[in-house]
Amino acid sequence: AQTLDFRQSLGQIDQFNRTLDQAKGFLSTSETSLSSVTDLLRQARSLAVQGASDNTSAETRQALAGQIQNIITQIGNIGNTSYGTRYVFGGQRTTDKPFQGAGDGFKYVGGSASTGDGDITLDVGRGEALKANVAGDAILSPLVQQTSPGPPPVTSVLGKLRDDIAFGASGEVSRDDLAALDTQINNVLAARADIGAKVQRIDLTKQRNELSKVNFTKFVSDIEDTDIPKAVVELQTAQTAYQAALQATSRSFQNSLLDFLR
């Protein structure tokens, strides 16, 4: 009964480790994508600084706005990053692209907190669960009505920056857009830090699981395995004793029934 329990525990550990590997791959892909988003946002901030100057010509402003639009397109494409066949920013709707083109921006159609399918939660241990994703509407959802409190999504901020630069609203750019960009950069960095902490937790959990596997395997071995050299010696000793007993018994009954009848 103990062996069965230990073997069941070993099977559960193997399953948890497979789940941990999937979660780590999902999170690592998300972190790499958000790293690219961070670089793009910093590039957009540099463009915003140029656009905030009253001395910038109209032609230059249009060029800057075009570069901002290109950044929006790149971020929308990053939002459709996949791990294997699953889209990492689509919430629980991992089989369809979460970002679809809509005019100059994108429309988010993935899972979200408002519909209850934004989080992918995996069991990574007995009584231990882990959220293994970042839903696209939390940080990347562009140019759509925001239903949750907090700062607007990344590409909504970029869309306003693009328009303000294009129309020469340098005061809006310097007063509002730069501050909004800084907030978005901090939000993405915070999301990346959270992912990093989860990846570290996964690594520690796997280390703990491997140690548990060693212990459970030893427990099974202690119960089931035989000390072969010791068993061979005991068997030979038993065989010798058995042969000696047979010989002694044979000598004790050398007389036949006829000997007794005489």
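Procedures and definitions
Residues numbered from 1 in each chain as written. Predicted model: local features only at pLDDT ≥ 70, side-chain atom pairs only at ≥ 80, totals over all residues. Heavy atoms only, no water. Helix = DSSP H or I, 4+ residues; strand = E, 2+ residues; numbered from the N terminus. Buried < 20%, exposed > 50% of the residue type's maximum accessible area, 1.4 Å probe, protein only. Contact = heavy atoms within 4.5 Å. Areas by Shrake-Rupley, 256 points an atom, 1.4 Å probe, with all protein chains shown as cover. Expected span 1.5 Å × (residues − 1). Axes fitted to C-alpha atoms, helices over the stretch in contact; angles between N-to-C directions. Parallel < 35°, antiparallel > 145°, perpendicular 65-115°, else oblique. Left-handed = near helix turned anticlockwise from the far one by under 90°. Nonpolar A, V, L, I, M, F, W, Y, C, P; charged D, E, K, R; others polar. Core = buried A, V, L, I, M, F, W, Y, C linked by side-chain atoms within 4.5 Å. Phe/Tyr/Trp six-rings, centres within 6.5 Å; stacked < 30°, edge-to-face > 60°. Pairing = 2+ DSSP bridges.

### Quick word on the overall build of the protein chain
Part 1 of the argument: When its secondary structure is counted, the protein chain shows 7 helices and 6 strands.
Part 2 of the argument: What you see in the protein chain, going N to C, is helices and strands ordered as α-α-β-β-β-β-β-β-α-α-α-α-α.
Part 3 of the argument: A burial count over the protein chain gives 37% of its 262 residues as buried.
Part 4 of the argument: Taking contacts inside the protein chain between residues at least 6 apart in sequence as the whole, the part at least 24 apart equals 68%.
Part 5 of the argument: Total accessible area computed for the protein chain in this model is approximately 15,000 Å², and 52% of it derives from carbon and sulfur atoms.

### A few points about helix α4 (residues 154-166)
Part 1 of the argument: The end-to-end C-alpha distance of α4, which contains 13 residues, comes to 19 Å, matching closely the 18 Å that a straight helix rising 1.5 Å per residue would cover.
Part 2 of the argument: Counting buried positions over the 13 residues of α4 gives 10, a clear majority of the element.
Part 3 of the argument: When we look at burial in α4, the residues that qualify are V154, T155, S156, V157, L158, G159, L161, R162, D164 and I165.
Part 4 of the argument: Looking one or two places after α4, you find G168, whose phi comes out positive at around 75°.

### As for the packing of helix α2 (residues 58-78) against α4
Part 1 of the argument: At a closest axis distance of 8 Å, the pairing of α2 and α4 adopts a crossing angle of 165°. Taken together, the axis directions place α2 and α4 in an arrangement best described as roughly antiparallel. Along this stretch, α2 crosses α4, giving a crossing that reads as left-handed. Between α2, through R61, Q62, L64, A65, I68, Q69, I71, I72 and I75, and α4, the contact on the second element is made entirely by V154, T155, L158, G159, L161, R162, I165 and A166.
Part 2 of the argument: Considering only residue class, the contact of α2 with α4 consists of 11 nonpolar, 4 polar and 2 charged.

### A closer look at the nonpolar core
Part 1 of the argument: If you look at the biggest cluster of nonpolar residues, it comprises 44 residues, and the most contacted ones within it are L41, I68, I75, L140, L158, L161 and L181.
Part 2 of the argument: When contributions to this core are tallied by element, the ones reaching two or more residues are α1 (2-51), α2, β4 (105-108), α4 and α5 (170-224).
Part 3 of the argument: Discounting chain neighbours no more than four positions away, the residues touching I75 are V37, L40, L41, L140, V154, T155 and L158.

### Examining the packing of aromatic side chains
Part 1 of the argument: If you walk through the whole model with that rule in mind, you get 2 aromatic pairs.
Part 2 of the argument: Each ring, one from F26 and one from Y83, has its centre 6.2 Å from the other, and the planes form 85°; the classification is edge-to-face. In this pair, F26 sits in helix α1 while Y83 sits in strand β1 (residues 82-83), placing the two residues 57 residues apart along the sequence.
Part 3 of the argument: With relative accessibility at 29%, the residue Y83 sits in the partly exposed group.

### Let's talk about the environment of G159
Part 1 of the argument: Tracing the chain through its elements places G159 in helix α4.
Part 2 of the argument: Linking G159 and G105, residues 54 residues apart in sequence, is a C-alpha distance of 7.9 Å.

### Notes on the pairing of strand β3 (residues 99-102)
Part 1 of the argument: One ladder, built from 4 bridges, connects β3 with β4; its direction is antiparallel. Opposite G101, over in β4, you have F106 as the bridge partner.
Part 2 of the argument: Hairpin geometry of β3 and β4 is characterised by an intervening segment of 2 residues between the two adjacent antiparallel strands and by a positive phi of about 65° at G103.

### Considering the environment of D163
Part 1 of the argument: Within the element layout of this structure, D163 appears in helix α4.
Part 2 of the argument: Through-space distance from the C-alpha of D163 to that of Q69 is 9.5 Å; in sequence the pair is 94 residues apart.

### A look at the environment of L40
Part 1 of the argument: By secondary structure assignment, the location of L40 is in helix α1.
Part 2 of the argument: With a relative accessible area of 8%, L40 lands in the buried category.
Part 3 of the argument: Considered as a pair, L40 and N70 are 30 residues apart in the sequence and their alpha carbons are 9.9 Å apart.
Part 4 of the argument: Once residues within four sequence positions are removed from consideration, L40 is found in contact with I71, Q74, I75 and I78.

### Let's talk about the side chain of S170
Part 1 of the argument: Along the chain, the position of S170 falls in helix α5.
Part 2 of the argument: With residues up to four places along the chain from it excluded, the contact list for S170 reads G51, A52, D54 and R61.

### Quick notes on the side chain of S30
Part 1 of the argument: In this fold, S30 is placed in helix α1.
Part 2 of the argument: For S30, a relative accessible area of 0% translates into the label buried.
Part 3 of the argument: Excluding residues within four positions of it along the chain, S30 makes contact with V88, F89 and I195.

### Re the packing of α1 against α2
Part 1 of the argument: It is at 10 Å that the axes of α1 and α2 come closest, and there the two elements cross at 170°. When the axes of α1 and α2 are compared, the pair comes out roughly antiparallel. The element α1 and its partner α2 pack so that their crossing is left-handed. Here S33, S36, V37, L40, L41, Q43, A44, L47, Q50 and G51 of α1 lie close against α2, whose contacting residues are R61, L64, Q67, I68, I71, Q74, I75 and I78.
Part 2 of the argument: Among the residues forming the contact of α1 with α2, the class breakdown is 10 nonpolar, 7 polar and 1 charged.

All quantities given are derived from atomic positions and should not be read as evidence of function.
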